[in-house]
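Analysis of the macromolecular model
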Amino acid sequence: MNAKIRLFVEHPLGPGQSVPLTREQAHYLFGVMRQGVGDAVLLFNGRDGEWRAVVREAGKRGGVLGCGERTRELMMPPDLWLLFAPIKKARTDFIVEKAAEMGAARIVPVQTEFTNAERIRQDRLQAHAVEAAEQCGGTFVPEVGSLQKLDRVLADWPAGRRLMFCDEVEAGANRNLPANVDAGPWAILIGPEGGFSEGERKRLAALPMAHVVSLGPRILRADTAAVAAMTLWQQALGDWR
Ligand code: SAH
């Protein structure tokens, strides 16, 4: 039988490996998806690629799968972080989901001066990244970081990581990603609904690793801007080439 259901598990995966299910996974597989003993499922854990597995035991509160053969190698996304200022709940969920689909290696919520959100539900956002990977055929799940102050993130900026600073003030200006720049570690920065403060703009512009980029002549909402920026980057420097 052809396995269509893809499930993320924490457990190591390998030939003959038994994989116990959590209560939620058992509920999803057997209760919601109506799978039973003998049915095939695709598993990935973000490290060992994707494996075909067969249901060995199915119960209300748990179950066990048995791994068969590997169906896909682990495919790492490029070393791209998405830094974004959390906005309203549904739009923040959207940004995390799209970042996972588009191939971000890490998702970093940052608190800027004009960010309204004081806290985020990191576990819920991480679950959105897992779901997006399950759904898009990914074998890797980007980690969603905790909410950090932008100042802090910039103060600890890793040497060698370039920053694509999407600045709404540049709307309509002809500022693209530089053509002659290397791939390698990068980050994209998207601001909140209120945009960036003058102080932040100055600080970012002074960062030697920063490249100010315009996302066209219109001001995009932050969630649109995140997807547009990732598209540009993937096309120019990432794994779409
Ligand atoms: N309230 C602000 C807009 C913020 S848009 C204003 O009216 O000026 C939210 C974020 O999306 C911005 O901080 C920026 O990171 C990004 N963004 C939106 N449109 C953009 C554009 N045309 N060029 C570059 N970045 C843009």
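Note that this is a predicted model, so its numbers are computed, not measured.

Thoughts on a nonpolar patch on the surface
Where nonpolar side chains cluster on the molecular surface, the patch consists of Tyr-28, Val-32 and Met-33 and spans about 240 Å² of accessible area. Among the secondary structure elements, Val-32 is positioned in helix H1 (residues 23-32).

Re the domain arrangement of the protein chain
Along its sequence, the protein chain is organised into domain 1 (6-72) and domain 2 (80-237). Between the C-alpha centres of domain 1 and domain 2 there is a distance of 33 Å. Residue-level contacts link 9 residues of domain 1 with 8 residues of domain 2. A per-residue breakdown of the area domain 1 buries against domain 2 is headed by Arg-6, Phe-8 and Phe-44, which together make up 66% of the total. Linking domain 1 with domain 2 are 6 residue pairs in polar contact (both at pLDDT 80 or more).

Let's talk about the site of the ligand
Around the ligand, a shell composed of 20 residues is seen, among which Cys-166, Glu-168, Glu-193, Leu-215 and Arg-218 lie nearest. Here a nitrogen atom of the ligand sits 2.4 Å away from a polar atom, N or O, in the main chain of Glu-193. Its residues placed into classes, the shell around the ligand shows 11 nonpolar, 5 polar and 4 charged.

Reading guide: rules and limits
Residues numbered from 1 in each chain as written. Predicted model: local features only at pLDDT ≥ 70, side-chain atom pairs only at ≥ 80, totals over all residues. Heavy atoms only, no water. Patch = residues over 30% accessible without salt bridge, like charges linked within 9 Å, V, L, I, M, F, W, Y side chains within 5 Å. Areas by Shrake-Rupley, 256 points an atom, 1.4 Å probe, with all protein chains shown as cover. Salt bridge = Lys/Arg side-chain N within 4 Å of Asp/Glu carboxyl O. Helix = DSSP H or I, 4+ residues; strand = E, 2+ residues; numbered from the N terminus. Domains from an automatic or database assignment. Contact = heavy atoms within 4.5 Å. Buried area = accessible area lost by both parts, 1.4 Å probe. Polar contact = N/O pair within 3.5 Å; in protein donor to acceptor, adjacent residues only side chain to side chain. Near = heavy atom within 4 Å. Nonpolar A, V, L, I, M, F, W, Y, C, P; charged D, E, K, R; others polar.

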